[in-house]
Amino acid sequence: MDNYDEFLADIAEIAEGLANLGKEAYYEYMGPVERLCDNSSTVSENEVGLMLDYLLSFCGYEKVLGLYKKVCRTFYNKYPECISDYIVYYLEEYEPEKYEELKRRAVIDK
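The structure displayed is predicted, hence computed values, not measured ones.

### A few points about the overall build of the chain
Here's step 1: A count of helices and strands for the chain gives five helices and zero strands.
Here's step 2: In sequence order, the secondary structure elements of the chain are arranged as α-α-α-α-α.
Here's step 3: A compact globule built from 110 residues would reach a C-alpha radius of gyration of about 13 Å, whereas the chain, at 17 Å, exceeds it by more than 25%.
Here's step 4: Based on the C-alpha atoms only, the size of the chain along its principal axes is roughly 60 × 40 × 15 Å.
Here's step 5: Counting over 110 residues, the chain shows a buried share of 29%.

Structure, rendered in structure tokens:
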């Protein structure tokens, strides 16, 4: 039973580390996301895609997901195909049931 308790403690430590990483990512990306969205008229599609790439890895943390959504909402009208792709990437990674349902209904094309 000792090994099992140690295993659970190790898992808890890893989970705590991941949560802290999400918090750090939020504070690290909060400023750049604000600047990106505040200067939306001069931001290229590549810059938007790069920011969404960075954020996607941390979307399991609710506040980072909020930043991801803010970028998507800000740039959807300017770069609809790019943003649509990143919405699909998010669903594929974090909401696979919803992704599969949309794919099955032929709403998405992947």
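### Details of helix 3 (residues 62-75)
Here's step 1: In this model helix 3 runs 20 Å from its N-terminal to its C-terminal C-alpha over 14 residues, within 8% of the 20 Å that 1.5 Å per residue would give.
Here's step 2: Within the span of helix 3, buried status applies to Val 64, Leu 65, Leu 67, Tyr 68, Val 71, Cys 72 and Phe 75. With its buried residues spanning 155° around the axis, helix 3 presents them on a single face. Within helix 3, the exposed residues directed more than 90 degrees away from the buried face are Glu 62 and Arg 73.

### Examining the pattern of salt bridges
Here's step 1: Under the criterion given, the structure shown has five salt bridges.
Here's step 2: Among the ionic pairs, Lys 98 bridges to Glu 95, the shortest N-O distance being 3.3 Å.
Here's step 3: The class for Glu 95 is partly exposed, based on a relative accessible area of 23%.
Here's step 4: For Glu 100, the salt bridge is made with Lys 103, and the minimal N-O distance between the two is 3.7 Å. Here the residue Glu 100 and the residue Lys 103 both occupy positions in helix 5 (residues 96-104), the gap between them amounting to three residues, near one helical turn.
Here's step 5: Connected through shared salt-bridge partners, Glu 101, Arg 104 and Arg 105 make up one network.

### Regarding the packing of helix 4 (residues 80-94) against helix 5
Here's step 1: For the pair helix 4 and helix 5, the least separation of the axes is 5 Å and the interaxial angle reads 125°. Compared by their axis directions, helix 4 and helix 5 come out oblique. The segment helix 4 lies against helix 5, with Val 88, Leu 91, Glu 92, Glu 93 and Tyr 94 engaging Pro 96, Lys 98, Tyr 99 and Leu 102.
Here's step 2: Residue composition of the contact of helix 4 with helix 5, grouped by class: six nonpolar, no polar and three charged.

### A word on the nonpolar core
Most often, soluble globular proteins keep nonpolar side chains buried together rather than apart.
Here's step 1: Counting residues in hydrophobic clusters, the biggest one holds 29 residues, and the most contacted among them are Val 48, Leu 52, Leu 55, Tyr 68, Val 71 and Phe 75.
Here's step 2: Of all the elements in the fold, those that place two or more residues in this core are helix 1 (2-38), helix 2 (45-56), helix 3, helix 4 and helix 5.
Here's step 3: Among the elements that line this core, the one with the most residues is helix 3, at seven residues.
Here's step 4: Among all residues touching Phe 75, those that are not within four sequence positions of it are Leu 36, Cys 37, Ser 40, Val 43, Val 48, Pro 80 and Ile 83.

### Section: the state of the cysteines
Here's step 1: Counted under the stated rule, the structure contains zero disulfides.
Here's step 2: For the unlinked cysteine Cys 37, the closest cysteine sulfur is that of Cys 72, found at 9.5 Å.
Here's step 3: Just so you know, Cys 82 is unpaired, no disulfide at all, and the nearest cysteine sulfur is the one on Cys 72, 8.3 Å from it.
Here's step 4: With a relative accessible area of 9%, Cys 82 lands in the buried category.

Rules of the game
- Residues numbered from 1 in each chain as written.
- Predicted model: local features only at pLDDT ≥ 70, side-chain atom pairs only at ≥ 80, totals over all residues.
- Heavy atoms only, no water.
- Helix = DSSP H or I, 4+ residues; strand = E, 2+ residues; numbered from the N terminus.
- Rg over C-alpha atoms; globule rule 2.2 N^0.38 Å.
- Buried < 20%, exposed > 50% of the residue type's maximum accessible area, 1.4 Å probe, protein only.
- Expected span 1.5 Å × (residues − 1).
- Arc of directions from axis to C-beta.
- Salt bridge = Lys/Arg side-chain N within 4 Å of Asp/Glu carboxyl O.
- Axes fitted to C-alpha atoms, helices over the stretch in contact; angles between N-to-C directions.
- Parallel < 35°, antiparallel > 145°, perpendicular 65-115°, else oblique.
- Contact = heavy atoms within 4.5 Å.
- Nonpolar A, V, L, I, M, F, W, Y, C, P; charged D, E, K, R; others polar.
- Core = buried A, V, L, I, M, F, W, Y, C linked by side-chain atoms within 4.5 Å.
- Disulfide = S-S within 2.5 Å.

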